[in-house]
Amino acid sequence: MKHTDNIILNKLQRKTTDIIPLWHKQILNWYQQYGRNTLPWRNLNGDNAPYGVYVSEIMLQQTQVKRVLESYYTPFMTSFPTLQSLAIADEENVLKHWEGLGYYTRARNMQKTAQICCEKFNNALPQTYAELISLPGIGAYSAGAILCFGFKQSVSFVDGNIRRLLCRIFALQNATMPLLEELSTILLDQKHSFDYNQALLDIGATICTPKSPSCLLCPVHNLCDGYTNPTLYPKPKKSHLHPLELHLALCIDANGKIAFIQGDKSGLYQGLYNLPNLEKEQVVSYEKCGSFKHHYTKYAITANVYIINQDTFKHLVPQTNLYFFSYQELDSKPLSSLCKKALKFVDSKKSK
């Protein structure tokens, strides 16, 4: 930690010592009553439990629990029930199961991790922090969560929800991650680390929310220095979406198949199929079907859609880069959310 972090930690030492008994008791009592302890990845046992936890933790990055629970976790675990099955799976099939979750690098890294584990760690996730964090896509939080929830080790960790909760409890506006990780270690309930850490995640996600925290419902609001003005802690980050205009071409060949391109290794949609994106100069003379808005990572996208006949299309897009699929074939192909939205957009226009 930095010298300034050590100074802050020393100032907080008395508070941490004073609150720990109540902190543990109130958090665990709350979890027993209100915690989301029926989530499937919180009730795993046996040798495969760490894998089930791992899948859930990666899916839950940047994604709400409800969405993962309703549409993704169970189908994924059914199709790829073990590290071995994920390691040997067809990448397109893995991406198809991830379709709509976004941040597809997560899925590709999961498969790379599975392959490494099968080769290096005897078909299992490793049980040490250093080994876990060396795997693709596993950071400090994910490693800690796998150790705690998968291997039942008594470890602490900090994600966005826990970060926000700790910043408010100690009224910290610009706390560094090393400082928060040290605080989480000091506050950890060593005897009940599984329930304790799950409780922190739930409190952060459902009560100590970023914009409208339900402070009166919080089990530790009596210990919170930021209780009277929670929106200051932590200091809000300014987010900015970069505008991006796309010109998507929809071409259907004589066999009723739609033309697609596949995202390259360096692009946003690596491995996914999309409608070809043309330059503005290429479509200036063609009638636009319409436009729609779409957000993807840091981009605010305006997507313009053009229906272009096959003869014209041949002069605009290199045929060697194209894949033609029928609507039926699309059921097994991984499409980006942007592409799916574009197809639905065109269908809605046709039905009017």
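This one's a predicted model, so the numbers in the text were calculated from it and none came from an experiment.

Definitions and limits used
- Residues numbered from 1 in each chain as written.
- Predicted model: local features only at pLDDT ≥ 70, side-chain atom pairs only at ≥ 80, totals over all residues.
- Heavy atoms only, no water.
- Helix = DSSP H or I, 4+ residues; strand = E, 2+ residues; numbered from the N terminus.
- Buried < 20%, exposed > 50% of the residue type's maximum accessible area, 1.4 Å probe, protein only.
- Contact = heavy atoms within 4.5 Å.
- Areas by Shrake-Rupley, 256 points an atom, 1.4 Å probe, with all protein chains shown as cover.
- UniProt positions renumbered as here; feature names shortened; annotations may be inferred.
- Domains from an automatic or database assignment.
- Buried area = accessible area lost by both parts, 1.4 Å probe.
- Salt bridge = Lys/Arg side-chain N within 4 Å of Asp/Glu carboxyl O.
- Polar contact = N/O pair within 3.5 Å; in protein donor to acceptor, adjacent residues only side chain to side chain.
- Nonpolar A, V, L, I, M, F, W, Y, C, P; charged D, E, K, R; others polar.
- Phe/Tyr/Trp six-rings, centres within 6.5 Å; stacked < 30°, edge-to-face > 60°.
- Expected span 1.5 Å × (residues − 1).
- Arc of directions from axis to C-beta.
- Pairing = 2+ DSSP bridges.
- Axes fitted to C-alpha atoms, helices over the stretch in contact; angles between N-to-C directions.

**Section: the overall build of the protein chain**
Helix and strand counts for the protein chain stand at 15 helices and six strands. Judged by the C-alpha coordinates and their principal axes, the protein chain covers about 75 × 45 × 40 Å. Taken over 352 residues, the protein chain has a buried fraction of 49%. Of the contacts made within the protein chain by residues no fewer than 6 positions apart, 69% connect residues no fewer than 24 positions apart. A total of about 18200 Å² of accessible surface is found on the protein chain, and carbon and sulfur atoms cover 51% of it.

**Here we look at the UniProt feature "domain: HhH-GPD" (unreviewed entry) in the protein chain**
When the UniProt feature table is mapped onto this chain numbering, "domain: HhH-GPD" (unreviewed entry) sits at residues 59-206. Note that residues 59-206 is 64% helix and 0% strand, and that its end C-alpha atoms are spaced 18 Å apart.

**Looking at the domain arrangement of the protein chain**
Its domain assignment divides the protein chain into domain 1 (1-232) and domain 2 (242-348). Computed over C-alpha atoms only, the centres of domain 1 and domain 2 are separated by 37 Å. Listed as interface residues are eight residues of domain 1 and, on the opposing side, 16 residues of domain 2. Between domain 1 and domain 2, a total of about 1000 Å² is buried, with carbon and sulfur atoms accounting for 47% of that surface. Close ionic contact of Lys 340 with Glu 99 constitutes a salt bridge, the shortest N to O distance being 2.9 Å. There are six residue pairs in polar contact (both at pLDDT 80 or more) connecting domain 1 and domain 2. Of the residues forming the side of domain 1 that touches domain 2, the biggest block, three residues, is contributed by helix H6 (residues 91-98). Its residues placed into classes, the side of domain 1 that touches domain 2 shows three nonpolar, one polar and four charged.

**Remarks on the packing of aromatic side chains**
In total, this model carries 12 aromatic pairs according to the counting rule given. Between Phe 76 and Trp 98, the ring centres sit 6.0 Å apart and the planes meet at 80 degrees, which makes this aromatic pair edge-to-face. With a gap of 22 residues between them, Phe 76 in helix H4 (residues 73-79) and Trp 98 in helix H6 connect regions that are remote in the sequence.

**Considerations on helix H7 (residues 105-120)**
In this model, H7 (16 residues) spans 22 Å end to end at C-alpha, consistent with the 22 Å of a helix rising 1.5 Å per residue. Listed as buried for H7 are Arg 106, Ala 107, Arg 108, Asn 109, Met 110, Gln 111, Thr 113, Ala 114 and Cys 117. Note on H7: the residue one or two positions beyond its end, Asn 122, has a positive phi of about 60 degrees.

**Considerations on helix H15 (residues 337-351)**
In an α-helix, one full turn covers 3.6 residues, which means residues spaced three or four apart are oriented alike. In a regular helix each residue adds 1.5 Å, so 15 residues correspond to 21 Å; H15 covers 21 Å between its end C-alpha atoms and thus fits that length. Those residues of H15 not exposed but buried are Leu 338, Cys 339, Ala 342, Leu 343, Phe 345 and Val 346. Along the axis of H15, the buried residues cluster in a sector spanning 155 degrees; they form a single face. Facing away from the buried side of H15, by more than 90 degrees, are the exposed residues Lys 344 and Ser 351. Along its buried surface, H15 packs onto strand E1 (242-250), strand E2 (258-262), strand E3 (273-274), strand E4 (288-296) and strand E5 (299-307).

**Let's talk about the sheet that holds E5**
Within the open sheet, the three strands sit side by side as E1-E5-E4. Their pairing is mixed. Only two strands of the sheet have a single partner each, and these edge strands are E1 and E4. Along the sheet, successive strands turn relative to each other by an average axial angle of 20 degrees, direction set aside. Sheet analysis places E4 next to E5, joined by eight bridges and oriented antiparallel. Considered in E5, the bridge of Phe 292 is made with Ala 303. On top of the sheet, H15 reaches E1, E4 and E5; it is set at about 145 degrees to E4, its chief contact.

**Structural notes on the environment of Leu 147**
Counting through the fold element by element, Leu 147 comes out in helix H9 (residues 140-150). What makes Leu 147 buried here is its relative accessible area of 3%. Here the alpha-carbon distance between Leu 147 and Phe 194, two residues 47 residues apart in the chain, equals 9.9 Å. For Leu 147, the residues in contact, after removing those within four places along its chain, are Gln 127, Thr 128, Tyr 129, Leu 132, Lys 152, Gln 153 and Val 155.

**Thoughts on the environment of Cys 218**
Mapped onto the elements, Cys 218 comes out in the loop between helix H12 (193-206) and E1. Between the C-alpha atoms of Cys 218 and Gly 204, which are 14 residues apart in sequence, the distance is 9.5 Å. Ignoring sequence-local partners within four residues, the contact set of Cys 218 consists of Ile 203 and Ile 207.

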